[in-house]
Amino acid sequence: MSNSTLKVLLKEYDQKRDSSFLSLEKRKEELYKSCPRLEQIDLELNNFALNTAKSILNSDSSYSLKELQEKIDSLNIEKHELLNSLNLSVDFFKPHFDCDKCEDTGYVNDNGHYELCSCIKQKLFDIEYNKSNISDLKSHNFEHFSFDLYSNEINEELYNSNLSPRDNIKNIRDIATSFIENFDNPDEKNLLFTGNTGLRKIFFI
C-alpha cells in the first residue's frame with residue numbers, strides 16, 4: 001500500500017466530511033425558514049446546555065440542575081412533536097455520511113486503538129487491484145497464456161536447470177492451477193512468486 005495513495009484518500013474523506021456538514025447547515029437553514037420555532041428551540045437548548053455546564057463547573061446554586069434538565073426535556077419533546085408534524089425525524093439534524101461506521105474519517109476506534117475503517121481498506125484494495133490489470137480477467141487468464149513465449153532450449157548453464165524454460169513454466173502453471181483447485185484445503189501450501197520484472201508472474205496472481 002502506498003502512503004501517498006492513503007494520503008490522497010484521507011484528503012478526499014476530509015472533503016466529503018466537510019461537505020456533509022455544509023449540507024446539514026443548508027438543510028437546517030431551509031427548515032428554520034419554514035419553521036422558525038425550531039430554530040428558537042435549538043438556540044434555547046444550546047443556552048441551557050451552556051448554563052448546565054457552567055453550573056456544574058462553578059457549583060453555582062443559582063441554576064437548579066433539575067430545573068435545567070426539565071426545561072431541556074420539555075424543549076426536546078416540543079422539538080420532536082414539530083418534526084413529526086413535518087414528517088421528519090431527529091436524524092434530519094445529523095450529517096449524512098457515506099460510511100456511518102467511521103463517519104467519513106477513514107478510521108474507527110477499536111477499544112482506544114484507531115485503525116483504518118473497512119470502507120477505506122476496500123478503496124485501497126480496489127486501487128491496487130486496478131493497477132494490477134487483473135480486473136480484466138477476460139484477457140488475463142490461463143486461456144491466453146502462451147507457452148510460445150518461452151524457449152524450448154535446454155541450457156543448464158544459462159538457466160541453472162535441466163528443464164527448458166517452456167517445460168519449467170508449464171510445471172509452474174500446473175502448480176498454480178492445483179493451488180487454485182485445492183484452495184480450501186487447509187493442508188495446501190501457499191505460493192511465493194519471485195523474480196525480475198517481465199517474467200510474467202502476473203499471470204499467476
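Structural data are supplied above this passage.
Cut-offs and rules
Residues numbered from 1 in each chain as written. Predicted model: local features only at pLDDT ≥ 70, side-chain atom pairs only at ≥ 80, totals over all residues. Heavy atoms only, no water. Helix = DSSP H or I, 4+ residues; strand = E, 2+ residues; numbered from the N terminus. Expected span 1.5 Å × (residues − 1). Buried < 20%, exposed > 50% of the residue type's maximum accessible area, 1.4 Å probe, protein only. Phe/Tyr/Trp six-rings, centres within 6.5 Å; stacked < 30°, edge-to-face > 60°. Lys, Arg positive; Asp, Glu negative; His and termini not counted. Salt bridge = Lys/Arg side-chain N within 4 Å of Asp/Glu carboxyl O.

## Details of helix H1 (residues 3-34)
Along its 32 residues, H1 runs 47 Å from first to last C-alpha, staying within 8% of the 46 Å computed at 1.5 Å per residue. Thr5, Leu6, Leu9, Leu10, Tyr13, Ser20, Leu24, Arg27, Lys28, Leu31 and Tyr32 are the residues of H1 that are buried.

## What to know about the packing of aromatic side chains
For the coordinates displayed, the defined rule picks out three aromatic pairs. Plain terms: the ring middles of Phe21 and Phe97 are 5.9 Å apart, the flat faces sit at 70° to each other, and that makes the pair edge-to-face. Linking Phe21 in helix H1 with Phe97 in the loop between helix H3 (65-85) and strand E1 (107-110), this pair joins segments that are 76 residues apart in sequence. Phe21 gets classed as partly exposed once you look at its relative accessible area, which sits at 35%. Note on Phe97: relative accessible area 13%, which makes it buried. Summarising the aromatic geometry, the rings of Phe92 and Phe93 are spaced 5.5 Å apart at their centres and angled 75° between planes, so their arrangement reads as edge-to-face.

## Things to note about the side chain of Arg27
Relative to the assigned elements, Arg27 resides in helix H1. Although Arg27 is buried, it makes no salt bridge; Glu30 carries the closest opposite charge, 7.7 Å away.

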